[in-house]
Amino acid sequence: MKLSQYFLPVLKEVPAEAKIISHQLMLRCGMIKQTTAGIYSWLPLGFKVLKKIEEIVHDEQIKAGHIPMLMPTIQPAELWQESGRYDDYGKEMLRINDRQDRNYLYGPTNEELITDIFRSNVSSYKDLPLTLYHIQWKFRDELRPRFGVMRGREFYMKDGYNFDLNEKEAINAYNRHFVSYLRTFNRIGLQAIPMRAETGPIGGNYSHEFLVLANTGESKVFFDKTLLDLDTGQGKLDYYQNTDIEKVVERFTKPYARTEDTHDENLFLEVPEDRRIESKAIEVGQIFYFGTKYSEPMKAFVVSPAGKRVPVHMGSHGIGVSRLVGAIIEASHDEKGIIWPEPVAPFFAGLINLNYRDEECIKVCDQVYEELGSNGIEILYDDTDERPGSKFAKMDLIGLPWQIVVGPKGLKEGKIELVYRRTGEATLLTLGELLEKISTAHKALLEV
RNA sequence: CGGGCUAUGGCGCAGUCUGGUAGCGCGUUCGUCUGGGGGACGAAAGGUCGUGAGUUCAAAUCUCGCUAGCCCGACCA
């Protein structure tokens, strides 16, 4: 993409209404524009990042054997009356009437809708286990939206729902989500710590939240430092080898890790003092097992192997996709701007032409741009006639992983400068070396 | 929902107390110079001062209502 043909309205100054760094940077980078309280338009750069995160979330869900679909944003009140949540949910739910004065709502979550789909199509244990999910806009009418997309009223969320014959099977699904979520956050470039959580309005018996440490986070967390060293292991996982998956979950749930809501000071004090960490964190995902809370009232039954009609056991699981954009920035920025983790960067590299009136510069830039572009590498080429200083500042601000700097000075020596945004490390390379290095780095990114 | 604050050009702000020609910086446009870290000089465009009513010869400025946004708390992916 050539910058001269793109839509990237960057701001030099910090808008007054933005208080936390991710919100400020998203506005300054021209990623979002607030439309009204807690509701944002996603401008091209922000939209690209949102879609990259979404792709990774999809990929990991599909690896775990879960099936993508799409449900609507507007739902009929009747379904929520069946589950009893139409009254329970309160003012957070945006209620809407149509021209016939029928009652609708803008979905804050989809348990009722998915249960309705399930019950009208599945009636045998033979169709289980089943996990369906979608990534869709949600709306919760927060009293006080703030922090940009981190706590908007409208938000983009992956939500999934598992249907199983019994509790044991449903716990397998729970564990599958547990592990796939860890992998998802890792791929996005975040370390998320699973913590025991309250079940809230979703209800149920088991729940874990996944939290990313950040001092601007809204949750207070207490955990054992050893959690920071755990990983889910390398390579492919067979999500249906239940005991293998269970072992991973056990490793992650053994050390103490709780949010303020479930924190138990006495248990925490059993953690050796040098391993106790108290921090602020951002919640980026949550998983629930709630048994038959919805299947019983909504009559989602299947016939068991013994020939009896039994309510299905369910769980639900969410990842805040739009919130993740903010969370990533909170976790990865410096005083100059954003530093995108490579898998979610809106472009893989930025190409800076330091003198757009120099024919040699133009020629070399065009070559780099075409060569990398034809290999499927996304490049943002600053081909504008601005001065070098503002080009550098802009590129640092939007935080693309690599910066390719082409200027008359370097070209005299036959060299192009390559800067790695995260470290600021700069190397002078020939055109051939540069193309090779970027291509290699890009290939490594694809091998997940 | 309780408490506090704000609303003036695209962005950041001054002007309001003490009523009297709407201003500054950044950005934008044009020109000249400049060209490796948000450059210089010159010219220009752009504002019903959130909104409605009131007081007054006169309102960005005073009074009352409304709306929107921000902050602290409670609540939440």
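Since this is a predicted model, take the numbers as computed values, not measurements.

### Quick look at the pattern of salt bridges
Logical step 1: Taken as a whole and assessed by the stated rule, the structure comprises 22 salt bridges.
Logical step 2: Across the pair arginine 85 and glutamate 112 runs a salt bridge whose closest N-O atoms are separated by 2.8 Å. One end of the pair, arginine 85, is in helix H4 (residues 85-88); the other, glutamate 112, is in helix H5 (residues 111-119), and 27 residues separate them in sequence.
Logical step 3: Residue arginine 85 is classed as buried on the basis of its relative accessible area of 2%.

### What to know about the environment of asparagine 162
Logical step 1: Here asparagine 162 lies in strand S8 (residues 154-164).
Logical step 2: Owing to a relative accessible area of 1%, asparagine 162 belongs among the buried residues under this scheme.
Logical step 3: For the pair asparagine 162 and leucine 130, spaced 32 residues apart in sequence, the C-alpha to C-alpha distance is 5.7 Å.
Logical step 4: Contact partners of asparagine 162, with chain neighbours within four places excluded, come to Leu130, Thr131, Ala170, Ala173, His313, Met314, Gly315, Ser316 and His317.
Logical step 5: Separated by 3.0 Å, the side chain of asparagine 162 and the backbone nitrogen of glycine 315 make a polar contact.
Logical step 6: Here histidine 317 takes part through its side chain, which lies 3.1 Å from a polar atom of the side chain of asparagine 162.

### As for the domain arrangement of chain A
Logical step 1: If you check the domain split of chain A, you get domain 1 (11-334) and domain 2 (347-446).
Logical step 2: Here domain 1 and domain 2 have C-alpha centroids that lie 38 Å from each other.
Logical step 3: On the side of domain 2, 6 residues touch domain 1, which itself brings 9 residues to the contact.
Logical step 4: When domain 1 packs against domain 2, close to 650 Å² is buried across both sides, 52% of that on carbon and sulfur atoms.
Logical step 5: Area buried by domain 1 at its contact with domain 2 is led by Cys29, Leu45 and Lys48, which between them contribute 51% of it.
Logical step 6: For the pair domain 1 and domain 2, the number of links is 3 salt bridges.
Logical step 7: In this structure, the salt-bridge partner of aspartate 334 is arginine 421, at a minimum N-O distance of 2.8 Å.
Logical step 8: Counting every contact that joins domain 1 to domain 2 gives 4 residue pairs in polar contact (both at pLDDT 80 or more).
Logical step 9: At the level of secondary structure, the elements contributing two or more residues to the side of domain 1 that touches domain 2 comprise helix H1 (21-28) and helix H2 (44-63).

### A look at the packing of aromatic side chains
Logical step 1: Using the criterion set out here, one finds 17 aromatic pairs in the structure.
Logical step 2: Between tryptophan 402 and tyrosine 420, the aromatic rings sit 4.6 Å apart at their centres with planes inclined by 45°, giving tilted as the arrangement. Residue tryptophan 402 is located in strand S21 (residues 402-406), and its partner tyrosine 420 is located in strand S22 (residues 416-420); the two are separated by 18 residues in the primary sequence.
Logical step 3: A residue is classified by how much of its surface remains accessible, and tryptophan 402, at 11% relative accessible area, is buried.
Logical step 4: Three or more aromatic residues joined by ring pairs form one cluster here, namely Phe178, Tyr181, Phe185, Phe210 and Phe252.
Logical step 5: Lysine 48 extends its terminal NZ or CZ atom over the ring of phenylalanine 347, reaching a point 4.6 Å from the ring centre.

### Section: the sheet that holds strand S6 (residues 103-106)
Logical step 1: Reading across from one edge, S4-S6-S5 is the order of the 3 strands in this open sheet, with antiparallel pairing throughout. In this open sheet, the two edge strands, each paired with only one partner strand, are strand S4 (74-76) and strand S5 (94-97). The sheet shows a mean angle of 40° between the axes of neighbouring strands, direction not considered.
Logical step 2: Both S5 and S6 contribute to a ladder of 4 bridges, which runs antiparallel. Across the sheet, asparagine 97 pairs through a bridge with asparagine 103, a residue of S6.

### Section: the protein's contact with RNA strand B
Logical step 1: If you check the shell around RNA strand B, you find 41 residues, and the closest are Arg144, Glu283, Arg357, Arg387 and Asp396.
Logical step 2: A distance of 3.4 Å is found between a base nitrogen of RNA strand B and a backbone nitrogen or oxygen belonging to aspartate 385.
Logical step 3: Between RNA strand B and glutamate 386, the relevant distance is 3.0 Å, taken from a base nitrogen to a main-chain nitrogen or oxygen of the residue.
Logical step 4: Within the residue set of the surface near RNA strand B, elements represented by two or more residues are strand S1 (32-36), strand S13 (276-291), helix H11 (388-398) and helix H12 (408-412).
Logical step 5: Among the elements that line the surface near RNA strand B, the one with the most residues is H11, at 6 residues.

Parameters and conventions
Residues numbered from 1 in each chain as written. Chains lettered and ligands numbered in written order. Predicted model: local features only at pLDDT ≥ 70, side-chain atom pairs only at ≥ 80, totals over all residues. Heavy atoms only, no water. Salt bridge = Lys/Arg side-chain N within 4 Å of Asp/Glu carboxyl O. Helix = DSSP H or I, 4+ residues; strand = E, 2+ residues; numbered from the N terminus. Buried < 20%, exposed > 50% of the residue type's maximum accessible area, 1.4 Å probe, protein only. Contact = heavy atoms within 4.5 Å. Polar contact = N/O pair within 3.5 Å; in protein donor to acceptor, adjacent residues only side chain to side chain. Domains from an automatic or database assignment. Buried area = accessible area lost by both parts, 1.4 Å probe. Phe/Tyr/Trp six-rings, centres within 6.5 Å; stacked < 30°, edge-to-face > 60°. Lys NZ or Arg CZ within 6 Å of the ring centre and 35° of its normal. Pairing = 2+ DSSP bridges. Axes fitted to C-alpha atoms, helices over the stretch in contact; angles between N-to-C directions. Near = heavy atom within 4 Å.

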